[in-house]
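# A look at the structure
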Amino acid sequence: MKISIDGEWYELDKWAPYHPGGEQILSRFDGADATDHFYSLHSEKAIAQLKKMRPVDIKEMPPAPTKYDLAFRELKAKLEADGWYHRSMALELALLLPVVAGVVWGTMYATTYPLLSIVVLGVAMQQAGWLGHDMTHARNSTYNDTLLRYVSGWINGFNRDWWSDKHNTHHVLTNHIGIDPDIHNQPFLFLWAPPKSVDHHLRKYQHLYFLPLYALLYVSWRSQSLQWAWARRDYKMLLFTLLPGYLWLASLPLVVSAGAVLLGGLLVALVVTMSHESEEMLTSREPSFVRNQFDTTRDILCSEPITEYLCGGMQYQLEHHLFPTMPRYYYPKIRPIVQDWAREVGLEYKSASVLGIARQHYATLRHNASVAAVEG
């Protein structure tokens, strides 16, 4: 297995099984350039480890970067130099406090006001999901690593290791059919014409039943988090990161705990599905990191504070995919910089209103509900 970074080939066969992000993601870049993909996700420590590795002498020339890649590297270097990657503990505490307040209030009044508690806890779980997502992407931040156990683990029952393995693949190979786990929801939902071997007779109704399925998102993520830890005998994760949250849920009335998990999952699913799933689906590798992100991502334009808050930074989906380790509270100011840069280099910046992107997503599901299945 050889991967090109910074114009050098690295032989990774012996090291791949020890890669913290998993061996599978490395195999996707065998024989390809991964320069921008690598730097988009890794910490200073990981970059220093790469620099200690010795490149291999191979006659084959590494893939040449495109003009977009070179321009993007200049843009990213300028943003780093200008301090856009600096994390503010005060701003992150400001995002955390409403989550904690919602959890405390919803727990205290779960018996007295069960329906209101479902709403408050559901929104708190959704916001904990966004904040935990940002903390998982954070690099070189000890306090984010510490808080992540409580925000993602205790509140939502998410396993960071499982999440990183799944989510990092989505980031670097967005909307690649057969690779990106976030677009493979068969046999429940289909985003392209399915092979007859995996087609399902209920597909023709998917534009009618997708909302109840979306409500199960957190149930699925919780289940996968438990399975990942159990399969790897990660008892520390099970006991100290995941179990406390289930003890908390068990202390609530069942209708409240179940309702909050379903509502939180629905609110997250409505955001994360719309920015990618109606965009281009790739059947072959797009070698350019930046082209991949522009081709497969659409921003959501929120016109009022409620949807701006509920989207949790993911309305700036393109900015997040280009700069995933950048704190989300900088994205509103980064958006016009990205728009100007895209015009300069000739890339299409795509966006839609909340209502517009919802209509587009529904149209995608409805179209693929009736498209003919293909052989295979």
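Placed above this text is the structure.
Summarised in this report is the structure supplied together with it.

About the cut-offs
- Residues numbered from 1 in each chain as written.
- Predicted model: local features only at pLDDT ≥ 70, side-chain atom pairs only at ≥ 80, totals over all residues.
- Heavy atoms only, no water.
- Pairing = 2+ DSSP bridges.
- Helix = DSSP H or I, 4+ residues; strand = E, 2+ residues; numbered from the N terminus.
- 1 Å grid on protein atoms, 1.4 Å probe; cavity = no way out; pocket = protein on both sides within 12 Å on 5 of 7 lines; lining within 4 Å.
- Points joined across faces, edges and corners; volume = space filled by probe spheres on them.
- Buried < 20%, exposed > 50% of the residue type's maximum accessible area, 1.4 Å probe, protein only.
- Axes fitted to C-alpha atoms, helices over the stretch in contact; angles between N-to-C directions.
- Parallel < 35°, antiparallel > 145°, perpendicular 65-115°, else oblique.
- Left-handed = near helix turned anticlockwise from the far one by under 90°.
- Contact = heavy atoms within 4.5 Å.
- Nonpolar A, V, L, I, M, F, W, Y, C, P; charged D, E, K, R; others polar.
- Core = buried A, V, L, I, M, F, W, Y, C linked by side-chain atoms within 4.5 Å.
- Patch = residues over 30% accessible without salt bridge, like charges linked within 9 Å, V, L, I, M, F, W, Y side chains within 5 Å.
- Areas by Shrake-Rupley, 256 points an atom, 1.4 Å probe, with all protein chains shown as cover.
- Salt bridge = Lys/Arg side-chain N within 4 Å of Asp/Glu carboxyl O.
- Lys, Arg positive; Asp, Glu negative; His and termini not counted.
- Charge placed at Lys NZ, Arg CZ, Asp CG, Glu CD.
- Phe/Tyr/Trp six-rings, centres within 6.5 Å; stacked < 30°, edge-to-face > 60°.
- Lys NZ or Arg CZ within 6 Å of the ring centre and 35° of its normal.
- Expected span 1.5 Å × (residues − 1).
- Bend = angle between axes of the 7 residues up to and from the residue.

## A closer look at the pairing of strand β2 (residues 8-11)
Here strand β1 (residues 2-5) runs beside β2; their pairing, made up of four bridges, is antiparallel. Bridged to I5 within β2 is E8. Between β1 and β2, which pair antiparallel one after the other, the connecting turn spans two residues, and D6 there sits at a positive phi close to 55°.

## Some thoughts on empty space enclosed by the protein
This structure, assessed with the given rule, holds one cavity of 30 Å³ or more. Here the largest cavity defines a volume of roughly 30 Å³. Lining the largest cavity are L95, V99, Q127, L131, Y309 and R328. Among the secondary structure elements, those contributing two or more residues to the lining of the largest cavity are α5 (89-108) and α6 (114-137).

## A short note on the side chain of S141
By the element assignment, S141 lies in the loop between α6 and α7 (142-156). You can call S141 buried: its relative accessible area is 7%.

## Points about the packing of α7 against helix α11 (residues 235-251)
As a packed pair, α7 and α11 sit with axes 6 Å apart at the nearest point and diverge in direction by 55°. The angle between α7 and α11 places the two elements in the oblique class. Handedness of the crossing formed by α7 with α11: right-handed. Mapping the contact onto sequence places R149, G153, W154 and I155 in α7 and K236, F240, T241, L242, P244, G245 and W248 in α11. For the contact of α7 with α11, the class distribution of residues is six nonpolar, three polar and two charged.

## Notes on the nonpolar core
If you look at the biggest cluster of nonpolar residues, it comprises 46 residues, and the most contacted ones within it are M125, Y218, W221, W248 and L252. Top contributing element to this core by residue count: α6, with eight residues. Residues F294, F323, Y330 and W341 belong to the second largest nonpolar core, which totals 25 residues.

## Topic: a negative patch on the surface
Together, E11, D13, E23 and D30 make up a region of like negative charge exposed at the surface. As for its position among the elements, E23 is in helix α1 (residues 23-27). The class for E23 is partly exposed, based on a relative accessible area of 41%.

## A closer look at the environment of Y150
With respect to the helices and strands, the residue Y150 is situated in helix α7. Classification of Y150 by relative accessible area gives partly exposed; the value is 33%. For Y150 and T241, which are 91 residues apart along the polypeptide, the C-alpha to C-alpha distance reads 7.1 Å.

## Side note on the packing of aromatic side chains
Under the definition given, this model contains 19 aromatic pairs. The side chain of R222 reaches across the aromatic face of Y246, ending 5.1 Å from its centre. Between the NZ or CZ atom of R285 and the centre of the ring of F29, over which it lies, the distance is 4.7 Å.

## What about the pattern of salt bridges?
Applying the stated criterion across every chain, the model contains 17 salt bridges. Across the pair E375 and K196 runs a salt bridge whose closest N-O atoms are separated by 2.8 Å. Here E375, found in the segment after α17 (354-370), pairs with K196, found in the loop between α8 (160-172) and α9 (206-214); they are 179 residues apart in sequence, far enough to count as distant. The class of E375 is exposed, set by a relative accessible area of 67%. The salt bridge involving R335 is made with D299; its shortest N-O contact spans 3.3 Å. In this pair, R335 is assigned in helix α16 (residues 331-345) and D299 in strand β3 (residues 299-301), connecting sequence segments 36 residues apart.

## Here we look at α11
Counted at 1.5 Å a residue, the expected span for α11 with its 17 residues is 24 Å, and the 23 Å between its end C-alpha atoms agrees. When the local axis directions of α11 are compared, the greatest deviation, roughly 45°, occurs at L243, which is followed within four positions by the proline P244. Considered for burial, the residues of α11 that qualify are M237, L238, T241, L242, G245, W248 and L249. Contacts made by the buried residues of α11 are with α5, α6, α7, α8, α10 (217-231) and α12 (254-272).

## Section: the layout of surface pockets
Within this model, the largest pocket holds a volume of roughly 1300 Å³. Lining the largest pocket are 47 residues, with H19, P20, G21, H42 and N168 sitting closest to its centre. Looking at the lining of the largest pocket, the elements that each hand over two or more residues are β1, α1, α2 (35-41), α3 (44-52), α7, α8 and α11. Of the residues contributing to the lining of the largest pocket, the split by class is 21 nonpolar, 16 polar and 10 charged. Volume-wise, the second largest pocket comes out at about 1100 Å³. Considering the residues around the second largest pocket, the lining is formed by 45 residues, among which K166, D182, N185, L217 and W221 are closest to the centre. Going through the elements one at a time, α6, α8, α9, α10, α12 and α15 (317-322) are the ones with two or more residues in the lining of the second largest pocket. Among the elements that take part in the lining of the second largest pocket, α8 stands out by supplying eight residues, more than any other.

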